[in-house]
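Coordinates in review
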Amino acid sequence: MGRAEMRKAAQKKGKGGGRRDAAAASAAAAAGPGKKRFIDYPRWGKTGVRRWLPSWKQWLSAFLLFFATGVGIVFYLYQTTTVPQLKDLVKEQNTIYYWADGSEMTRKGDTNRQIVELSDISPNLQNAVISAENETFRTDSGIDPKGMLRAVYNMAKGGETQGASTITQQYVKNAYLSQEQTLSRKLKEFFITLKINQQTSKDEILKGYLNTSWFGRNANGAQAAAQAYYGVNAKDLNLCQSAMLAGLLKGANYYDPSKSPANHDRAVERWKWILDRMVITHNTTPEERAKCTTFPEPIQQKPSSNMNGEVSYLVDTVNQYVMSTDKSITQQMIDKGGLKIYTTFEKDKVDALKKAVDDVKAENLNPQKRPDNDTFIQFGSASIRPGDGAIVALYGGDGVENGHFDNNANATGVQVGSTFKPFVLATAMQVGVQTAKGDDGKPKRINADSRYLSDDLSEIRKPDGSLVIGDDGKPYRQKNEDAGKRGYVSLRQAMQFSYNVPFVQLNQDVGGQNVADIAVQMGIKKDSLADPKTPTFPLGTSTISPIRMATAYGTLAASGKEAEPYSATKVEVDGKERPGFGKKDTKVALEPAVADNVTDVLVNVAKNGTGTKTNTLGRPVAGKTGTTDQNKSAWWVGYTPQLVTSVAMWREDPNKHDRLSLNGTGGKESIHGGDIPTDVFTRYMKAALANEKKMDFPNPQPVGTEVDSSGAPSTATATPTQTPTQTATETPSAQAQPTQAQPTQAPPPQPTQGGGCVPGVDCQPTQAPPHPPKTPTPTCGLLGCTTPTPTDTNPPGGGGGGSSGGGKPGGGGKPTPSSTATP
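Each chain has its residues counted from 1, running along the sequence as written. Totals for whole chains, interfaces and linings use all residues, but because this is a predicted model, local features are given only for residues with pLDDT of at least 70 and pairs of side-chain atoms are given and counted only at 80 or more. Processing note: side-chain calculations cover all non-hydrogen atoms of the structure and skip hydrogens and water entirely.

Structural notes on the pairing of strand β2 (residues 104-108)
Strand pairing is assigned whenever DSSP detects at least two bridges linking the two strands. A helix here means a DSSP run of H or I that spans at least four residues, while a strand means a run of E at least two residues long, and both kinds are numbered starting from the N terminus. Pairing between strand β1 (residues 95-98) and β2: 4 bridges, direction antiparallel. In the sheet register, Y98 faces β2, and the bridge partner there is E104. Where β1 folds back onto β2 in an antiparallel hairpin, the turn is made up of 5 residues, including G102, whose phi is positive at roughly 95°.

Focus on unusual backbone geometry
Located in the positive-phi region is F376, a residue other than glycine, with phi close to 65°. Counting through the fold element by element, F376 comes out in the loop between α17 (347-364) and β6 (377-384). Backbone geometry at L457 places phi at a positive 60°, although glycine is not the residue there. With respect to the helices and strands, L457 occurs in the loop between β10 (451-453) and β11 (458-459).

Remarks on the environment of V605
With respect to the secondary-structure elements, V605 resides in helix α23 (residues 592-608). V605 sits 108 residues away from F497 along the chain, and the two C-alpha atoms are 7.3 Å apart. The residues contacting V605, other than those within four sequence positions of it, are M495, Q496, T610, G611, T612, G623 and K624. When checking whether two residues touch, look at their non-hydrogen atoms; a contact exists if any pair is within 4.5 Å.

With respect to the packing of α17 against helix α24 (residues 676-688)
Helix packing geometry: the angle between the two helix axes and the distance between the axes. Geometry is summarised by axes, namely lines fitted to C-alpha atoms with helices restricted to the contacting stretch, and by angles between N-to-C directions that run from 0 to 180 degrees. Orientation of α17 relative to α24, taken along the N-to-C sense of each, is 145°, at an axis distance of 9 Å. Handedness of the crossing formed by α17 with α24: right-handed. Counting all contacts with α17, which are made through K349, A352, L353, A356, V357, D359, V360, E363 and N364, the residues of α24 involved are I676, D679, V680, R683, Y684, A687 and A688. Lys, Arg, Asp and Glu make up the charged group, whereas Ala, Val, Leu, Ile, Met, Phe, Trp, Tyr, Cys and Pro make up the nonpolar group; the residues left over, Gly among them, are polar. Across the contact of α17 with α24, the residue classes tally to 10 nonpolar, 1 polar and 5 charged. Crossing chirality is assigned from the near helix's rotation relative to the far helix, an anticlockwise turn below a right angle marking it left-handed and a clockwise turn marking it right-handed.

Quick word on the pattern of salt bridges
Any two side chains of opposite charge can pair, on the condition that their charged atoms come close. For salt bridges, the criterion is a side-chain nitrogen of Lys or Arg within 4 Å of an Asp or Glu carboxyl oxygen. One pass over the full model with this rule turns up 33 salt bridges. Taking the shortest distance from any N to any O, the salt bridge between D456 and K479 comes out at 3.8 Å. Placement of D456 in the loop between β10 and β11 and of K479 in the loop between β12 (477-478) and β13 (488-490) is noted, with a sequence separation of 23 residues between them. Exposure class is identical for D456 and K479. Each is buried. In this structure, K533 and D531 form a salt bridge, with 3.3 Å as the shortest nitrogen-oxygen distance. Of the residues examined, K533 reaches a relative accessible area of 69% and is grouped as exposed. Since its relative accessible area comes to 37%, D531 is described here as partly exposed. By sharing partners, the salt bridges in this structure join E346, K349, R385 and E692 into a single network. Here's how the labels work: a residue is buried when its accessible area is under 20% of the maximum for its type, exposed when over 50%, partly exposed in between, all with a 1.4 Å probe on protein chains only.

Let's talk about the nonpolar core
Side chains that are nonpolar tend, in soluble globular proteins, to be buried together. For our purposes a nonpolar core is just a set of buried Ala, Val, Leu, Ile, Met, Phe, Trp, Tyr and Cys residues, chained together by side-chain atoms within 4.5 Å. Counting residues in hydrophobic clusters, the biggest one holds 118 residues, and the most contacted among them are F420, F423, L506 and Y684. Counting residues per element, this core draws most heavily on α23, at 9 residues. What L506 contacts, discounting residues up to four positions off in sequence, is V424, L425, A428, V433, I446, Y452 and L491. By size, the runner-up hydrophobic cluster in this structure holds 47 residues, among which are I167, A224, A228 and M244.

Regarding the state of the cysteines
Throughout, a disulfide means two cysteine sulfur atoms within 2.5 Å of one another. For the structure on display, the rule yields 1 disulfide. Between the sulfur atoms of C240 and its disulfide mate C292 the distance is 2.0 Å. On the sign convention where negative means left-handed, the S-S torsion of about -100° between C240 and C292 marks this disulfide as left-handed. Taken together, the residues C240 in helix α11 (residues 239-248) and C292 in the loop between α14 (286-290) and α15 (311-325) connect sequence positions 52 residues apart. Accessibility expressed as a relative area gives 5% for C292, which makes it buried.

Here's the deal with a nonpolar patch on the surface
Taken together, W56, L60, F63, L64, F67 and V71 make up a surface patch of nonpolar side chains, about 680 Å² in accessible area. By the secondary structure assignment, W56 is in helix α3 (residues 56-80). Residues form patches when they are more than 30% accessible in relative terms and have no salt bridge. Like charges link within 9 Å. Nonpolar side chains (Val, Leu, Ile, Met, Phe, Trp, Tyr) link within 5 Å. Residue exposure ignores everything except the shown protein chains as possible cover, and the areas themselves are Shrake-Rupley values with a 1.4 Å probe.

If you want it as structure tokens, here you go:
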């Protein structure tokens, strides 16, 4: 006991404790702490917090102990780490792809690799790689501590790791280790790099790196890359070619200039940068650099025979999905082999889609007879199960064996035209129009019976009533395909005949950004959308891939549930299944009533409007046609309850990547979405659904109210709009026209009265139409001229446009289904 403890004990016993207790306490104090402990902790003779605080000697001892232990572990790991022979590590494996039924589709991974001596690799390529990847390679220790700590930190956060920083580390990663991102692999990389850097010369390291690096085009190593891209041996590469190949090491998927125009632009910029770095690092002279004025375009890629037909596009699609789902899987890893990828692609449907495209092309195109019109015709198509997201079929092009390497099913850059209009209608039903307020003060939600002005060259107004001004500083006027003046029509009828003007005005009323947001919720990628503030945004100036258009329409088919598209159900790497693949949970993008009402409108399009070719299917179909400005693309996106399929058609010079007009293709004045694309859809769906029962779409529940555009006549006294009997033609134009033309102006804004029937939709004519029959005369639009039949008092045409007034509209009445709509 310490003195303090003994004193307290004595006090407790009181004065009568006696001399015996005092003597005992004194004896105990004199005896000290007893037998000395090896570690004096808790500390003897200390009280309170100090009793538990280690002394400086204990701190120093602990530090030295841990330091010595760490050094011992590092020494042990270093001594026990062995560097395998490179020849034993080059193991060729296959990545195997399976159809949805489990049968093998194809395999790849017979890696094109030829190991050569450093003397057989051009000094130009050696210097270009050093300048681009690790300019201090000749003098550094082979380790970049900052880079490794950063990678470990990123792994701890669960984020993506960055690549190895030095050539030595990259060589170790390429040749000796797997591509997995784990702490144990990083430790192995560290120790193997240390050993290699001490035991191996820089020339041997550079040789190993250049023989194991992935350059794309299934080429591993400099010799294989030189042959794949330029058809020469690695020792014969010139400075310009070497700089291009060195740029591929950063990621061939992004820098192979033959993959896409975007890749080409990136490759050229990196090529220039590497050449400039070579001058700065004294790996070439300014004079030699000056000789590289023209980018060295690579030769055409030689396709593998097991990738013919649509297989290469299926493999490309599923590879992109796999890499985006599991960031640790790279293209290099896939090419090296060892993966098993189970896809969602159904062989019979893939074959049926290809046959439909091939048959339609054979019947309509004749490049020998019409070389200026029938060449460079492209098709892209995707078929997806609504509510699930499984991609069951794709059409990506004519096949790599025919020199077509781009995957058209996932192509961007092709405007979608009027297939975008359903997004505008869905937004009006879900969000409401800003020109009318509900009882809650929010924008009033409308239905398909709401009426909008459809006259050609109508002025477009903002929600506050002010005019939309065009680029020329004058009031913007929306052009239709012809000069018809049909007055006010319901949105159902506007969609049926693809009138432009009602949807341009409706887009202003609901707000372009709201339309963009709804489109994204339905499955469209945000980066594929055009500027939502432009007046032509609702007419499909966005460039959306066929896969994503099918996804968005699938949301309508699934009563508002958006299912992300996927193309792999299971992925195994070296026999171990990776998580995260397969069907994802659906998201509610639209209210079921909204989605079902839009579907009801699109059923009418297929049955009575621009998509009547689909009637031969003999089952309920919904869909929308699309044709763009100058007839540069034509679309049909349609669906049944079981399957949604998009078909895009365009004309593009593969060498220049320039979009060309489809006018004159197939000997026709112009190509519309309701023509060839709808024909492809119908033929494919007949085969794809041959063994599936006919299903009806859900009966739509009421949504919104009739909110007519300002200036619409009262429903009780309005002149009926007759339903046209002529087959509708798609409206391609999304461009403002000269303001010199003088269209009929709408009356001043006045609130409309609620009413029963909607003229032109479910009312019987009570008076003469506003435009009496007359001798047919051609009316011309951007796609040429059309001549209405003598009996057609309200000929269909392309587009109409919103109201010429923008005040608060009236409205009313419950939704009344169209007499021509099929629920």
